[in-house]
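Notes for the structure review
The primary structure of each chain is shown beneath.
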Amino acid sequence: MRKVRGTASSRVTGSHDAEVTRWASARLRYVDNLKVILIAAIIVGHAVSGYGELDWWAYADQRETTLSPVTQAIVLAVGGPFAMLLIPVLFLVAGLMTPPSLARKHPGPYVRDRLLRLGIVFAVYVLVLLPLTMYVLEHWIGTDTGSYWSSYFGAEKTLDTGTLWFVGDLLLFTLAYTGWTVARRRLATRSAVHEITARQLALVSVVVAVTTFLVRLVFPFNSENRYLDLNFYQWPACIAIFAVGIVASRADWLTAVPDRLRRISGVVTLVALAAFGGFVLVGVSESGIGEEAWTGGWDWSAMMFPVIESPLVVFGPIWLLGLAQRRLARQVPWIRPPVIRACFGAFVLQQVVLVLLAIALRPVPLPAELKALAVATGGVILCFALAWLLITRIPGLSRVL
């Protein structure tokens, strides 16, 4: 009897593995490798942020130990600039893939697919998964004594989107693009394919810098918005790089970024990274970590931040995309089809996994640096492993994760 059950299970597992292998073989390898690396880096960054003084991660308010000032300064100066690149790269890739996907599926099926894949996940996460996670953190570990409803769904409460603000924004951007495309078809207008130049990207950076400064007069950096938190303070950059991806898809950037533009983007990115690191160090030395003068307002630091940030988030994703096309278009030993398939699920589950890991480590007498390392390492492994288990064990879940 055992042998029969084991054989059946092996057939099911083997069939699923074969399906995933076929799924992965039809995709761009460098894109999948890049996504895995980006999402793993995002998970690591959030894990480390949980032990810092800046309130940029859910666990930071309830942390039992804190990274040393030197560690925080190094993380901010070195890791901070690169962290600013991660989500814009995902928006650029999404922009590149949106037009061909829309053309292949047509507007109606495409919208239904986006609502299923992005909308349902976003709604379940914001309304169920994240509030439950925060309830555990803030009521069992923290000092919040309010009821579950009043704490997260009261009249004066903002629906927190956590890490899935990216998913909510991407859904809105893709639906807006679909509507615009349908309107253009009705107007029977067509546009020629034009190469994107470095001068045009520089102009985009200027526009992004100005609009970001103006937006942050109303929505400061890292602030929450009333009703639904969708990181409005990042919208100018996110919309711009998504739009660059839309336009560049017609020039086949998904296959190869023009080499000259890649090199120029690399130079601009490195200069912006150095400027960003210097800006952070100056801010830390003059004002101390936690100073919010640069997040928005009529202040020199609030003006300089978008000026440095904008070329970083416009040119940086293009450089990283070109670099990935040259370096990641191969089989990476630790990035297998199951890891690729679990990528989106790992991104969705990261806040839950990281918070629970940090809670589990609270009683352990370790310095914050070691705890951050443990949560980061364990978080990456558990997020991908749990996502894969959910996809393969729960019927129908693979359609949305």
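Keep in mind that what you see is a predicted model, and the values were worked out from it rather than measured. All residue numbers refer to positions counted from 1 along the written sequence of the respective chain. Note on the predicted model: pLDDT of at least 70 is required for a residue's local features to be given, and 80 or more for side-chain atom pairs to be given and counted; whole-chain, interface and lining totals, by contrast, use all residues. No hydrogens and no water enter the side-chain calculation; it runs on all heavy atoms of the structure.

**Re the overall build of the protein**
What counts here: Only DSSP runs of H or I reaching four residues or more are called helices, and only runs of E reaching two or more are called strands; each is numbered from the N terminus. Relative accessibility under 20% of the residue-type maximum defines a buried residue, over 50% an exposed one, and the middle range a partly exposed one, all with a 1.4 Å probe and only protein chains included. We call two residues contacting when some pair of their heavy atoms lies within 4.5 Å.
What the protein contains, in helices and strands, is 13 helices and 0 strands. Written out in order from the N terminus, the α and β elements of the protein read α-α-α-α-α-α-α-α-α-α-α-α-α. Counting over 401 residues, the protein shows a buried share of 47%. For the protein, long-range pairs separated by at least 24 residues make up 81% of all intrachain contacts whose partners lie at least 6 apart in sequence.

**Details of the pattern of salt bridges**
What counts is decided by this rule: A pairing counts as a salt bridge when a side-chain nitrogen of Lys or Arg comes within 4 Å of a carboxyl oxygen of Asp or Glu.
Taken as a whole and judged by the stated rule, the model has 8 salt bridges. In this structure, the salt-bridge partner of D259 is R263, at a minimum N-O distance of 2.3 Å. In this pair, D259 and R263 both sit in helix α9 (residues 259–287), 4 residues apart, roughly one turn of the helix. Of the residues examined, D259 reaches a relative accessible area of 34% and is grouped as partly exposed. Notably, a salt bridge pairs D259 with R326, separated by 3.4 Å at the nearest N-O pair. Here D259, found in helix α9, pairs with R326, found in helix α10 (residues 300–327); they are 67 residues apart in sequence, far enough to count as distant. For R326, a relative accessible area of 53% gives the class exposed.

**What to know about a nonpolar patch on the surface**
Short version of the rule: Excluding any residue in a salt bridge, patches collect residues exceeding 30% relative accessible area, merging like charges within 9 Å and nonpolar Val, Leu, Ile, Met, Phe, Trp and Tyr side chains within 5 Å. In this description, accessible areas are obtained by the Shrake-Rupley approach with a 1.4 Å probe, and a residue is regarded as covered only by the protein chains that are shown.
A cluster of nonpolar side chains, L203, V206, V207, V210, L214, L217, V218, W298 and M303, forms an exposed patch at the surface whose accessible area comes to about 900 Å². Examining the composition of the nonpolar patch, we find that 7 residues originate from one element, helix α7 (residues 198–218), more than from any other. If you trace the backbone, L203 turns up in helix α7.

**Here we look at empty space enclosed by the protein**
Threshold: Note on definitions: the grid is 1 Å and covers protein atoms alone; a cavity is a set of points where a 1.4 Å probe fits but cannot get out; a pocket is an open set with protein on both sides within 12 Å along at least five of seven lines; lining residues have an atom within 4 Å of a point. Grid points are joined across faces, edges and corners, and a volume is the space filled by probe spheres set on the points.
Under the counting rule described, the total for this entry stands at 1 cavity of 30 Å³ or more. Elements that contribute at least two residues to the lining of the largest cavity include exactly α3 (69–105), α8 (235–249) and α10.

**Re the packing of aromatic side chains**
Selection rule: Paired rings are identified among Phe, Tyr and Trp, the last through its six-membered ring, by centres lying within 6.5 Å, and are further divided according to the angle between planes into stacked (under 30 degrees), edge-to-face (over 60) and tilted (the rest).
On inspection of all chains with the given rule, the structure shows 14 aromatic pairs. Judged by centre distance (5.5 Å) and plane angle (75 degrees), the ring pair of F173 and W235 falls under edge-to-face. In this pair, F173 sits in helix α6 (residues 165–186) while W235 sits in helix α8, placing the two residues 62 residues apart along the sequence. Residue classification places F173 among the buried positions, given a relative accessible area of 9%. Classification of W235 as partly exposed rests on a relative accessible area of 22%. Here the aromatic residues F91, W165, F166, F173, F219, F232, W235, F242 and F347 are joined through ring pairs into a cluster of three or more.

**Looking at the confidence of the model for the protein**
To keep it simple, the criterion reads: Within a predicted model, pLDDT stands for the predictor's per-residue confidence, ranging from 0 to 100.
Per-chain confidence: the protein averages 85 in pLDDT, with 84% of residues scoring 70 or above. In the predicted structure, residues 1–13 sits below a pLDDT of 50 and forms 0 contacts with residues beyond four places in sequence or in another chain. Within the model, pLDDT remains below 50 along residues 20–26, and this stretch shows 10 contacts once partners closer than five positions in the same chain are excluded.

**Things to note about α10**
What counts, and what does not: One fewer than the residue count of a helix, multiplied by 1.5 Å, yields its expected span. One axis is fitted to the seven residues ending at the residue and one to the seven starting there. The bend at that residue is the angle between these axes.
Here α10 contains 28 residues, and its C-alpha end-to-end distance of 39 Å stays within 8% of the 40 Å for a straight helix at 1.5 Å per residue. Of all the bends in α10, the largest measures some 30 degrees and sits at F315, one to four residues before the proline P317. Judged by how many residues are buried, α10 sits mostly within the fold: 21 of 28 residues are covered.

**Things to note about unusual backbone geometry**
We note that H106 has phi near 75 degrees; this positive angle belongs to a residue other than glycine. Mapped onto the fold, H106 is located in the loop between α3 and α4 (107–141). Classification of H106 as partly exposed rests on a relative accessible area of 48%. Located in the positive-phi region is N231, a residue other than glycine, with phi close to 55 degrees.

**Topic: the packing of α7 against α10**
Let me state the cut-off plainly: Axis definition: a line fitted to C-alpha atoms, limited for helices to the stretch in contact. Angles are taken between N-to-C directions and run from 0 to 180 degrees. For classification purposes, angles smaller than 35 degrees are called roughly parallel, those larger than 145 roughly antiparallel, those between 65 and 115 roughly perpendicular, and all remaining angles oblique. Crossing handedness follows the turn of the near helix against the far one: under a right angle anticlockwise gives a left-handed crossing, and clockwise gives a right-handed one. Amino acid classes used here: Ala, Val, Leu, Ile, Met, Phe, Trp, Tyr, Cys and Pro are nonpolar; Asp, Glu, Lys and Arg are charged; the rest, including Gly, are polar.
Packing of α7 against α10 brings their axes to within 8 Å, and their N-to-C directions diverge by 140 degrees. Judged on the interaxial angle alone, α10 and α7 are oblique. Every pair of crossing elements has a handedness; the one defined by α7 and α10 is right-handed. For the pair formed by α7 and α10, the contact residues are A198, L201, A202, V204, S205, V208, A209, T212, F213 and R216 on the first element and A302, M303, F305, P306, V307, E309, S310, P311, V314, F315 and I318 on the second. In the contact of α7 with α10, the residues fall into 16 nonpolar, 3 polar and 2 charged.

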